[in-house]
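Letter by letter, the chains look like this.
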Number of protein chains: 2
Amino acid sequence: MVRRTGRRPGNPDTREAILAAARSAFAEKGYDGASIRAIATGAGVDPALVHHYFGTKDKLFLATMNSPIDPIDIITEATDGDRDEIGVRFVRAFLRMWDGPRGAAAVALLRSVVGTEWTTKLFREFIITQVLRRAVPRLGLDPAEASLRVTLAASHLVGLAMARYVIKVEPLASVPSETLVAAIGPTVQRYLTEDLPGVFPEA
Amino acid sequence: MVRRTGRRPGNPDTREAILAAARSAFAEKGYDGASIRAIATGAGVDPALVHHYFGTKDKLFLATMNSPIDPIDIITEATDGDRDEIGVRFVRAFLRMWDGPRGAAAVALLRSVVGTEWTTKLFREFIITQVLRRAVPRLGLDPAEASLRVTLAASHLVGLAMARYVIKVEPLASVPSETLVAAIGPTVQRYLTEDLPGVFPEA
DNA sequence: CGGGAAATTCATCTAGCGTTGAGTTCAACA
DNA sequence: TGTTGAACTCAACGCTAGATGAATTTCCCG
């Protein structure tokens, strides 16, 4: 007679399995749609164990989102180099993140962010503190213009991520990333550094 | 003793009240977050009445999304006129829709679309059949390029809507719409009609 | 006036959720 | 070897959700 209860022998990486299952569940279903029970099943584990490791569903979600999203990489990569190609480098680094292993977590983030109020607020503050306050000083822009310039560029990138990775509308979803770099790079460049007649009072 | 049950005298516009309550509930909370019970309370009505009128929550959501979203208006408005200002007119019409009375429904759409799989799929097909297949012929573009051009522009507009109306990140959320027209209009124009070196093989 | 149909509510069913606490097994250390 | 604590499961609680069917009231048409 096999006893199923109690400590499992061997593998101590159950925690990682739960995290992985949570990531893909959140990415597919969003925060509300992903249930702890389903995540536990996906990890081959009892639902209570999820709470044992992570406490609440909120904390599990935050743990899922924690490591993979650090836009500082993108920002530094894009701002290192000559100023005339910031746009292209920004788009390239952005796309590489979404196509990389952390992309699923980013999809989960975007999916969940929109669903409920507290995640939206969380994301807004994340954008402000992690993106705006970090990107603005590195760009050497007029402080009066910087925020609008950066949010213009960011809105474009968010829309790109939505269309390509969440909604998956063709042909945008399948086009090579370098094509998108060529198309969108100049736009981002314009938003960040070039003159925007009609937007800011002419200097 | 007042009997509360039975048919209400007078006003037969309860159905519209439910629809209105559903629209704002979906806009605020998203599909999952909005409960039929809350919608019913918001309309001053019993939850069962919602089912009496709309059957299931899915159908209520579809009914909510049905009438108010007809991008054909935006498309015709933008494509009527000289070809060099399509971009500006597109952005202007787009923003006017979001700021108008049907904007709440649009926010609801965007909020809910991303949350669950079936709404995402629904939205993708909506984009293809209602936007792409209608906008492409009116633009007089090379058919080989048209889809990518339109989805590029659409992704930008979706991102704008997300940033301004859903996430509400400043200063983008409060800036006058004409400022955004001036900033984004030229980009949309470029995506739709101008040369995109590196994107399409040079003609 | 009378009767059917629509509008509306009530009470209730079932299912799923997040969460909890008690209990069981294993591994490591003294 | 004995004890401690971490890993893990079981069973259950309390809650909320969407949905249903019967009952009640009103309107409208003949």
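Residues numbered from 1 in each chain as written. Chains lettered and ligands numbered in written order. Predicted model: local features only at pLDDT ≥ 70, side-chain atom pairs only at ≥ 80, totals over all residues. Heavy atoms only, no water.

Where an unreviewed UniProt entry is consulted, chain A appears under the name TetR family transcriptional regulator, with the organism given as Actinoplanes aureus.

Asks: Give me the lowdown on the pattern of salt bridges, citing residues and values where you can.
Replies: Residues and elements named next belong to chain A. Tallying each qualifying case throughout the model produces twelve salt bridges over all chains. For E77, the salt bridge identified is with R96, shortest N-O distance 2.9 Å. Placement of the pair is E77 in helix α5 (residues 72-79) and R96 in helix α6 (residues 86-99), with a sequence separation of 19 residues. Here E178 ties to R92 by a salt bridge, and the two come within 2.9 Å at their closest N and O atoms. Residue E178 is located in helix α10 (residues 177-193), and its partner R92 is located in helix α6; the two are separated by 86 residues in the primary sequence. In this structure E178 comes out as partly exposed when scored by relative accessible area, which is 41%. With a relative accessible area of 31%, R92 lands in the partly exposed category. (Salt bridge = Lys/Arg side-chain N within 4 Å of Asp/Glu carboxyl O. Helix = DSSP H or I, 4+ residues; strand = E, 2+ residues; numbered from the N terminus. Buried < 20%, exposed > 50% of the residue type's maximum accessible area, 1.4 Å probe, protein only.)

Asks: How would you sum up helix α3 (residues 47-54) of chain B? Please name residues and give values.
Replies: Its side-chain oxygen 2.8 Å from the backbone nitrogen of A48(B), D46(B) forms the N-cap of α3(B). Downstream of α3(B) by a residue or two, G55(B) has a phi angle that is positive, lying close to 80 degrees. (Polar contact = N/O pair within 3.5 Å; in protein donor to acceptor, adjacent residues only side chain to side chain.)

Asks: Summarise a negative patch on the surface; cite the residues concerned and give the values.
Replies: Residue and element names in this part refer to chain A. The grouping of D84, E85, E194 and D195 at the surface amounts to a negative patch. Along the chain, the position of E85 falls in the loop between α5 and α6. Using a relative accessible area of 44% as the deciding quantity, one classes E85 as partly exposed. (Patch = residues over 30% accessible without salt bridge, like charges linked within 9 Å, V, L, I, M, F, W, Y side chains within 5 Å. Areas by Shrake-Rupley, 256 points an atom, 1.4 Å probe, with all protein chains shown as cover. Lys, Arg positive; Asp, Glu negative; His and termini not counted. Charge placed at Lys NZ, Arg CZ, Asp CG, Glu CD.)

Asks: Pulling in residues and values, what's your account of the relation of the copies chain A and chain B?
Replies: Copies of the same chain, two in number, are related to each other by a rotation about an axis and a translation along it. Of the transformation placing chain A onto chain B, the axial shift is 0.0 Å and the rotation is 179 degrees, giving an RMSD of 0.3 Å. Classification of the inter-copy transformation places it as that of a two-fold axis. Of the C-alpha atoms belonging to chain A, the one lying closest to the rotation axis is found on G159(A), 1.7 Å away. Comparing interface residues between copies, 100% of those in chain A also lie at the interface in chain B; the contact surface is shared. (Least-squares fit on C-alpha atoms with pLDDT ≥ 70 in both. Contact = heavy atoms within 4.5 Å.)

Asks: Kindly report on the interface of chain A and chain B, identifying the contributing residues and their values.
Replies: Counting residues at the interface gives 47 residues for chain A and 47 residues for chain B. Overall, the association of chain A and chain B removes approximately 3,700 Å² of surface from exposure, summing both partners, and the carbon and sulfur fraction of that is 67%. Looking only at chain A, the three residues that lose the most surface to chain B are R111(A), V114(A) and I167(A), adding up to 15% of its buried area. At the junction of chain A with chain B, the criterion picks out 14 residue pairs in polar contact (both at pLDDT 80 or more). Of all the secondary structure elements, the ones that give two or more residues to the side of chain A that touches chain B are α1 (14-33), α7 (103-115), α8 (117-139), α9 (143-166) and α10 of chain A. With twelve residues, α9(A) is the largest single contributor of residues to the side of chain A that touches chain B. Looking at the side of chain A that touches chain B residue by residue, the class counts come to 25 nonpolar, 13 polar and nine charged. (Buried area = accessible area lost by both parts, 1.4 Å probe. Nonpolar A, V, L, I, M, F, W, Y, C, P; charged D, E, K, R; others polar.)

Asks: Summarise the UniProt feature "DNA-binding region" (unreviewed entry) in chain A; cite the residues concerned and give the values.
Replies: Per the UniProt record, the feature "DNA-binding region" (unreviewed entry) sits at residues 35-54 of chain A. Within residues 35-54 of chain A, the helical portion is 75% and the strand portion 0%, while the C-alpha atoms at the span's ends are 14 Å from each other. (UniProt positions renumbered as here; feature names shortened; annotations may be inferred.)

Asks: Describe empty space enclosed by the protein, listing the residues and the values that go with them.
Replies: The rolling of a water-molecule-sized probe over the atoms marks out the regions of remaining empty space. Residue and element names in this part refer to chain B. Evaluation of the coordinates by the stated rule reveals four cavities of 30 Å³ or more. By volume, the largest cavity is sized at about 560 Å³. Along its surface, the largest cavity is lined by 31 residues, and F94, I127, V131, A154 and V158 are the ones closest to its centre. The set of elements that each furnish at least two residues to the lining of the largest cavity consists of α5 (72-79), α6 (86-99), α7 (103-115), α8 (117-139), α9 (143-167) and α10 (177-193). The greatest single-element share of the lining of the largest cavity, amounting to eight residues, is contributed by α9. (1 Å grid on protein atoms, 1.4 Å probe; cavity = no way out; pocket = protein on both sides within 12 Å on 5 of 7 lines; lining within 4 Å. Points joined across faces, edges and corners; volume = space filled by probe spheres on them.)

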